[in-house]
Amino acid sequence: MSAGASPRPFPYNPPMEEDVARILIHREEIERRLADMAEEIAQTYHRDEEGLTLIPVLAGSIIFLADLMRKLPLKMKIGLVSVSAYPGRTTRPTAPKTVIELTGDLAGRHVLIIDDILDTGRTLRKVREMVLQREPASVRTAVLLRKPSKAPPDVSADFVGFDIEDEFVVGCGLDYDDHYRNYPHIGVLRPEIM
Ligand code: XMP
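Residues numbered from 1 in each chain as written. Predicted model: local features only at pLDDT ≥ 70, side-chain atom pairs only at ≥ 80, totals over all residues. Heavy atoms only, no water.

Student: Can you break down the overall build of the protein chain residue by residue, with the values?
Tutor: Within the protein chain, the regular secondary structure consists of three helices and nine strands. Start at the N end of the protein chain and walk to the C end: the helices and strands fall as β-α-β-α-β-β-β-β-α-β-β-β. Taking 194 residues into account, the globule formula puts the C-alpha radius of gyration at 16 Å, and the protein chain, at 18 Å, falls close to it. The principal-axis extent of the C-alpha atoms belonging to the protein chain is close to 60 × 40 × 30 Å. For the protein chain, buried positions account for 44% of its 194 residues. Pairs at least 24 residues apart make up 67% of the contacts formed inside the protein chain by residues separated by at least 6 positions. Counting only carbon and sulfur atoms, one obtains 50% of the accessible surface of the protein chain, whose full area is about 10700 Å². Charge centroids of the protein chain, computed over 25 positive and 30 negative side chains, lie 3 Å from each other. (Helix = DSSP H or I, 4+ residues; strand = E, 2+ residues; numbered from the N terminus. Rg over C-alpha atoms; globule rule 2.2 N^0.38 Å. Buried < 20%, exposed > 50% of the residue type's maximum accessible area, 1.4 Å probe, protein only. Contact = heavy atoms within 4.5 Å. Areas by Shrake-Rupley, 256 points an atom, 1.4 Å probe, with all protein chains shown as cover. Lys, Arg positive; Asp, Glu negative; His and termini not counted. Charge placed at Lys NZ, Arg CZ, Asp CG, Glu CD.)

Student: Before we move on, could you go through the site of the ligand and cite the residues and values that matter?
Tutor: As a structural note, the neighbourhood of the ligand is formed by 16 residues, with Asp116, Asp119, Thr120, Val169 and Asp175 the closest of them. The side chain of aspartate 119 places a nitrogen or oxygen atom 2.6 Å from a nitrogen atom of the ligand. Bound to the protein, the ligand loses 94% of the 500 Å² it would expose on its own. Contributing elements (two or more residues each) for the shell around the ligand: strand E6 (110-118) and helix H3 (122-132). At four residues, E6 tops the list of elements feeding residues into the shell around the ligand. (Near = heavy atom within 4 Å. Polar contact = N/O pair within 3.5 Å; in protein donor to acceptor, adjacent residues only side chain to side chain.)

Student: Describe helix H2 (residues 62-69), listing the residues and the values that go with them.
Tutor: Within H2, the full set of buried residues consists of Phe64, Leu65, Asp67 and Leu68. Lining the buried residues of H2 we find helix H1 (27-45), strand E2 (52-58), strand E3 (76-78), E6 and strand E7 (138-146).

Student: I'd like a rundown of unusual backbone geometry, residues and numbers included.
Tutor: Across the junction of leucine 58 and alanine 59, the peptide omega takes the value -5°, indicating a cis bond. With respect to the helices and strands, the residue alanine 59 is situated in the loop between E2 and H2. Positioned with a positive phi, glutamate 135 is a non-glycine residue whose angle comes to about 55°. Locating glutamate 135 in the fold gives a position in the loop between H3 and E7.

Student: Could you give me a rundown of the layout of surface pockets, with the residues and numbers involved?
Tutor: Approximately 600 Å³ is the volume found for the largest pocket. Lining the largest pocket are 33 residues, with Val83, Ala85, Tyr86, Asp116 and Asp175 sitting closest to its centre. Of all the elements in the fold, those that place two or more residues in the lining of the largest pocket are E2, strand E4 (81-84), E6 and H3. Take the lining of the largest pocket: its biggest share by element is four residues, from E6. Class assignment of the residues belonging to the lining of the largest pocket gives a composition of 16 nonpolar, eight polar and nine charged. (1 Å grid on protein atoms, 1.4 Å probe; cavity = no way out; pocket = protein on both sides within 12 Å on 5 of 7 lines; lining within 4 Å. Points joined across faces, edges and corners; volume = space filled by probe spheres on them. Nonpolar A, V, L, I, M, F, W, Y, C, P; charged D, E, K, R; others polar.)

Student: Give me the nonpolar core: which residues, what numbers.
Tutor: Grouped together as the largest cluster of nonpolar side chains are 28 residues, with contacts concentrated most on Leu68, Leu112, Leu144, Leu145 and Ile186. Contributing elements (two or more residues each) for this core: H1, E2, H2, E6, E7, strand E8 (159-163) and strand E9 (186-189). In terms of residue count, the dominant contributor to this core is H1 (seven residues). Contact partners of leucine 144, with chain neighbours within four places excluded, come to Ile30, Leu34, Phe64, Asp115, Asp116, Gly161, Phe162, Cys172 and Ile186. Ranked by size, the runner-up nonpolar core spans 18 residues in total, among them Ile55, Val81, Leu124 and Val143. (Core = buried A, V, L, I, M, F, W, Y, C linked by side-chain atoms within 4.5 Å.)

If you want it as structure tokens, here you go:
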């Protein structure tokens, strides 16, 4: 702020906590589970010579990706894909649209798709199909959250952080209208916010 400029009234950007009705999963619990997941994933891939490529589904997976990959003691590459299913202010999914095409040469490599949540499964079904067209050595999926009551039988995840009830959640990369991705816990918003 330049000298003499008047300070903005406080609070000009209210804390996210005020919008959250309930914390579903605390950061500490998430950290503990991620350490176990990283071990499971490392055990699965540590003998593979073909090489591992992570495919994070943007943008919801960014926090989960960063947390998880720092715990993985394996050499790996990253490809990217962006798919949008909840555009703007909605908690009802639309047909997932590809926003950024899948990047990276996946032929003959072990691919681990990383996503924030397996909800209706439409996004992961679409991304998996895109990956399979590139003839990888194998395809698996890791998600931070899964809603077992909604995930269809043909779309499964190999590594799952937490199973949750069917309610709209934010935090750890999950958003509402592109906000709350940086909320450190998994939480449920106050109904009047949505
Ligand atoms: P599905 O499995 O329904 O999920 O294709 C697609 C994407 O939608 C987002 N998603 C959510 N985002 N709270 C959110 O903030 C939720 O409860 C939720 N459910 C789904 C998420 O980005 C997922 O990758």
